[in-house]
Amino acid sequence: MDALSKKVQEVFDEPACGKNQAKSEKDRKKGCTKQLAPGAAAGGCAFDGAKIALQPITDVAHLVHGPIACEGNSWDNRGAKSSGSRLYRTGFTTDINELDVVYGGEKRLFKSVKEIIEKYDPPAIFVYQTCVTALIGDDIEAVCKAATAKFGKPVIPVNAPGFVGNKNLGNKLAGEAMLDYVIGTEEPEYTTPYDINIIGEYNLAGELWQVKPLLDEMGVRILSCISGDAKYKEVACSHRARAAMMVCSKAMINIARKMDERYRIPFFEGSFYGITDMSDSLRNIARLLVDKGAPAELLERTEAIIQREEAAFWQAMEPYKDRLKGVKVLLITGGVKSWSVVSALQEVGMEIVGTSVKKSTLEDKQKIKELMGEDAHMIDDMTPREMYKMLKDAQADIMLSGGRSQFVALKAKMPWLDINQERHHAYAGYSGMVTLVREIDKSLYNPMWEQVRRPAPWEMQSEKKPATENTEHTEKFGGGLYSVPSVTSVA
Amino acid sequence: MASVTHVKKSCAVNPLKMSAPIGAALAFMGLDNCMPTLHGSQGCTAFGLVLFVRHFKEAVPMQTTAMNEATTIMGGMDNVEQAILNIHKRAQPSIIGIASTGLTETKGDDVDGYLEIIRKKHPELADLAVVYVSTPDYVGAFQDGWAKAVAKLVKELAEPGPKIAGQVNVLAGSQLTPGDIEEIREIFEAFGFKPVILPDLSGSMDGHVPDNFSPTTLGGTTLTELRITGASEFTLAIGEHMRDAAQMLKDKCGVPFEVLETLTGLDACDRLMSLLTGKSGRPAPNKYRRQRSQLVDAMLDAHFYTGGKKIAIGAEPDLLWGVGNLLAGMGAELTAVVTTTASPLLEKLPAQEVLIGDLEDLENRSQDCDLLITHSHGRQMAERLDIPFLRMGIPMFDRLGAAHQVTAGYRGTRDLLFQIANIFMSEAHEPLPDDWRNTESEGASCGSCSSAAAH
Ligand code: SF4
């Protein structure tokens, strides 16, 4: 077995993974990636997943070794924000040509590293493997080793070519690269009893910054966030943290667990989405730090902050409570965060009529059941056609999902909110929940809906149909609140 | 006459280029009830899909044969077969367009061979058209993939037949937006022709709101139309990269053709009008006479602002040709020009130098340019250079209305000129008391236009 397949096997064996705990030895060996159905598959590749996980490290040059497809079609398309360097948003690729495919691309890769160092002088370069260069046998580990020796700078191989599996596997392989080559290689200037790592948070739309002011107030220092708004050195020093929070995607569980093993950094799984989860996360951070020797008054300070923030949140909710009560939400996140968003929306009185559990673990599903009741409508793999129907039949008032299914909702002339990677709004922490609720409200009550659902003049003349589709929905949200001049009586 | 240079460096920085397979996939999206499919690993399709969704703000049908490491090494026959069967069952398309990727080309999958076997094995697929085009990621760029797909479609599906009076083929290059295509259709119809447009993104990607949900494309060139392209009176290819497809139609079905490199610019539109007048025997309709005169007027008004301006432009060859010539024809200078792939047009461009390179090359040459024109990925460099930025081409993910940007025809050209002139107008520098003071040696010349223009 070559090194990569060994890595993949190892990652599949992840003992801390809830899904794995429920599996038999044999099933576990088979791994989490089902053979995809050709012609009926969706989703990114392992390389995509690796890039998502590591690109938020802002001062690193992320170099993609492969043909133009992998980087050329996808660069600068993710929403991770930076407080400093913009280098992470520069697209670097070896863009291999036919000759490289025949003779191998290792030379070009080595020279590319050299060019990047000469022109951009980053603290480190991450080299991403892709399908074609893996297939022709380019040994990126060897090239990175040679380049590191030659240029005296960390050149890190991220060996997650697309064809080994899906994004989730790519996240984990990226984590392995950090464990093997980066974490523990440098020392922080100083440490404090309040140093933590946050693992699996990418600072999409700046969400880390919705949480950081509260941590600052608690006196907690983020020694390293892996990988949102991180600098290379911070990740390299992360082994000196006292405790860690693993943001509740399973994406980087291997980092959290192995850092616990290697460096005795205890971790908990938490989420910054939703009020309860946010408060629990702050409490857990404080508790772990105190367990590790931080002064106990941290707990009180944290509790005071939580009290204040929760009160402020509920006050901010007052104007929305009546307006959002009973709103039916269809939640398609394609993944792991489902339950934490479910509880968040329920907290403000909305009703979740369905949620996707495609990538959720058993444990996640159990949590959803607890939250939504036994008859929770869990959707394993909803086709766009089914989503469309559900919306069109007004079984849901609004859909929250990733960008790809956006048009399913919009073409059904139903409200939609982006909650995945490329979203523009930040929804973390207390302030993020206020934003989320405000956005849902803005979307539901926009007077535009009533206008676009109105039939065209020629339709009204010829067919004498009821004047609006989705009448139930229109009555609830379109009517009354805004006085849109109505011409529905024409029919 | 420009010197064409292929940039010599190992690492592309800030790519301008996108891959050929997704160019082919977009061409397939211009067919009605089609499922574009990449023969490769799932990620290639996912990236293409996200890119098109963000550009068109539309649901995009696109599938994958979902190759993995093992199936790649064994060969993709089973995956191609399964993909076709699955798509046939789930989406019921009229046509599946398959484009290869770097992965399956490196292995050397003979997909045309597979298709023959699959056809024999599955008579139930008799009514389903399946067209395969070879587009290795490591050869050429987006517009090359588009060109190959259209040529292959014609090669496989066009049928020679008795001429259908008034029917003409329009082979639409990838530089044309759905809005452009709509404009072109109108022009042809105004001359009494019935155009068959291939590919026709105006039907499928124009942002209409259908009454039903469909997993395949909705609108676009139908299979029937594709077949009868062989019976048209003549073919007009728009864009040099459409020449091969036009030639193919001529060789196979004897349809004569003309190539117009672009439909942007007074001269290009005039050529189209002469051509259509000649072929139809009808005089140009009044509305185009009026539109021509509006364009002439727009040129007169705009030249004050465009003259002497330095332009940095990064675009695929055929888009570059149209926009570059328009601006050079308005007195602007094509100072920094970068493109993605080889084309016979490049050396004819009115520029000193054309690079086949990336946005880093463009940025390095754009220091004192007055305007940057490229796709949305130019946003970072525009900010760094602090110069105005006009988005053109694919992807355009940070603006609405990419599909409806019209630059073809008199009207489209007129509006593009206004847009560009307005950018310069809003950037105009207010004179300051010290503008004409002789401080440095260069200050002697007209300071208000030269130095101000850089900002
Ligand atoms: S599947 Fe392979 S070739 Fe395609 S984008 Fe992912 S890494 Fe690149």
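Keep in mind it's a predicted model, so treat the numbers as computed, not measured.

Caption draft 1: How the structure looks around the packing of helix α4 (residues 77–91) of chain B against helix α6 (residues 111–121) of chain B. All names here are of chain B. Across the interface, α4 lies against α6 with an axial gap of 10 Å and an inter-helix angle of 50 degrees. In this view, α4 runs oblique relative to α6, as classed from their interaxial angle. Once α4 is placed against α6, the crossing between them reads as right-handed. For the pair formed by α4 and α6, the contact residues are Met77, Val80, Glu81 and Ile84 on the first element and Tyr114, Leu115, Ile117, Ile118 and Lys121 on the second.

Caption draft 2: Quick peek at the confidence of the model for chain B. Residue and element names in this part refer to chain B. Summarising the model, chain B shows a mean pLDDT of 94, and 95% of its residues fall at 70 or more. Note on residues 443–455: pLDDT is under 50 here. Beyond four places in sequence and across chains, it has 13 contacts. Both scores are available for the predicted complex, with the pTM at 0.91 and the ipTM at 0.93.

Caption draft 3: Examining the sheet that holds strand β5 (residues 195–201) of chain A more closely. All names here are of chain A. Across the sheet, four strands lie side by side as β6-β5-β7-β8; this open sheet has parallel pairing. Both edges of this open sheet fall to β6 (221–227) and β8 (267–270), since each of them pairs with a single strand only. Direction aside, the axes of adjacent strands within the sheet are offset by 20 degrees on average. Both β5 and strand β7 (residues 243–247) contribute to a ladder of four bridges, which runs parallel.

Caption draft 4: Layout of the pattern of salt bridges. All told, the structure shown has 48 salt bridges over all chains when counted by the stated rule. Across the pair Arg283 of chain A and Glu303 of chain A runs a salt bridge, and its minimum N-O distance is 2.9 Å. Of this pair, Arg283 of chain A sits in helix α14 (residues 275–291) while Glu303 of chain A sits in helix α15 (residues 297–324), placing them 20 residues apart in sequence. Given a relative accessible area of 29%, Arg283 of chain A falls into the partly exposed group. Glu303 of chain A gets classed as partly exposed once you look at its relative accessible area, which sits at 27%. Between Lys9 of chain B and Asp361 of chain B there is a salt bridge, and its shortest N-O distance comes to 2.9 Å. Of the two residues, Lys9 of chain B is situated in the loop between β1 (3–6) and β2 (12–13) and Asp361 of chain B in helix α15 (residues 359–365); the sequence distance between them amounts to 352 residues. Accessibility classification places Lys9 of chain B together with Asp361 of chain B in one group, the buried group. Via salt bridges that share partners, Lys7, Glu10, Glu176, Asp180 and Lys258 of chain A belong to a single interconnected network.

Conventions we followed
- Residues numbered from 1 in each chain as written.
- Chains lettered and ligands numbered in written order.
- Predicted model: local features only at pLDDT ≥ 70, side-chain atom pairs only at ≥ 80, totals over all residues.
- Heavy atoms only, no water.
- Axes fitted to C-alpha atoms, helices over the stretch in contact; angles between N-to-C directions.
- Helix = DSSP H or I, 4+ residues; strand = E, 2+ residues; numbered from the N terminus.
- Parallel < 35°, antiparallel > 145°, perpendicular 65-115°, else oblique.
- Left-handed = near helix turned anticlockwise from the far one by under 90°.
- Contact = heavy atoms within 4.5 Å.
- pLDDT = per-residue confidence, 0-100.
- Pairing = 2+ DSSP bridges.
- Salt bridge = Lys/Arg side-chain N within 4 Å of Asp/Glu carboxyl O.
- Buried < 20%, exposed > 50% of the residue type's maximum accessible area, 1.4 Å probe, protein only.

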